[in-house]
Amino acid sequence: MKLSRIEFLVMNNPGRRWVQKHFEFRIFKDFLKQYNLDLTGKTILDAGCGSGYSSELILKELKPAKLVAFDLMPEQINLAKKRNLNADFFVGDMTKIELPASTFDAVFVFGVLHHIPDWKKALAELSRVLKPEGVLLLEEVKGSFVEAVGHCGFKHPEEAMFNWTELENELQSAGFKILEKRKIVIEIFKSFLCLK
Ligand SMILES: C[S@@+](CC[C@H](N)C(=O)[O-])C[C@H]1O[C@@H](n2cnc3c(N)ncnc32)[C@H](O)[C@@H]1O
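S.K.: Just to check I follow, could you spell out the packing of helix α2 (residues 14–34) against helix α3 (residues 53–62) for this structure?
M.R.: For any two helices packed against each other, the geometry is given by the interaxial angle and the distance between the axes. Contact pair α2 / α3: the axes reach a minimum separation of 11 Å and the direction vectors enclose 45 degrees. By the angle between their axes, α2 is oblique relative to α3. In the packing of α2 onto α3, the handedness of the crossing is right-handed. Facing α2, whose interface residues are Arg17, Gln20, Lys21, Phe25, Lys29 and Leu32, α3 presents Tyr53, Ser54, Leu57, Ile58, Glu61 and Leu62. Of the residues contributing to the contact of α2 with α3, the split by class is six nonpolar, two polar and four charged.

So this is what it looks like as structure tokens:
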């Protein structure tokens, strides 16, 4: 589901980029270090990449050989392309990823699943495009919070207002083993490291 005008503005500003770099991305880097997972020279997917700031961090800090990134909104992909990064950006849908199976060593997803009515299908697709033993780095927002902000111009699909137990169960159903989970400052936001 596309972002409302207000969420588009909230997501694409310097404050959000600061939080993404110093909290969200840092937690993922901690996870990788903790499990001795080196993504240098690997093939990475940034699914639901938004305006491409996460892709920029991945390229600069993890040095993959190849980075592919997509988002549902053409407006976001236009902004991402303007960054002139060494990445393949395209408009795409996480419930129907137009890429072959077992392609990626790692997939990053920053706060996207709660925008997708059929989020379970999206998880199955992420599992499909990951290689066996590939890693999923997923960040999400608790459904009750998503529901609460619905009154402030942030529109999200009701089907995707999952709680943490529902998300963890579905990760396992999609073939992932959860290696680590950590709240991002407060319980409303959580990061997961999963192994296929
Ligand atoms: C909250 S924003 C996060 C964007 C980016 N990951 C970030 O952290 O800045 C959610 C993003 O998910 C995208 N999105 C929503 N549904 C999607 C889908 N089915 N497939 C791919 N991207 C989707 C939206 O267009 C939006 O850019």
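S.K.: Just to check I follow, could you spell out the environment of leucine 45 for this structure?
M.R.: Residue placement: leucine 45 occurs in strand β1 (residues 43–47). Residue classification places leucine 45 among the buried residues on the basis of a relative accessible area of 0%. When sequence neighbours within four positions are dropped, the list of residues in contact with leucine 45 reads Val68, Ala69, Phe70, Leu99, Phe104, Ala106, Val107, Phe108 and Val129.

Criteria and cut-off values
Residues numbered from 1 in each chain as written. Predicted model: local features only at pLDDT ≥ 70, side-chain atom pairs only at ≥ 80, totals over all residues. Heavy atoms only, no water. Axes fitted to C-alpha atoms, helices over the stretch in contact; angles between N-to-C directions. Helix = DSSP H or I, 4+ residues; strand = E, 2+ residues; numbered from the N terminus. Parallel < 35°, antiparallel > 145°, perpendicular 65-115°, else oblique. Left-handed = near helix turned anticlockwise from the far one by under 90°. Contact = heavy atoms within 4.5 Å. Nonpolar A, V, L, I, M, F, W, Y, C, P; charged D, E, K, R; others polar. Buried < 20%, exposed > 50% of the residue type's maximum accessible area, 1.4 Å probe, protein only.

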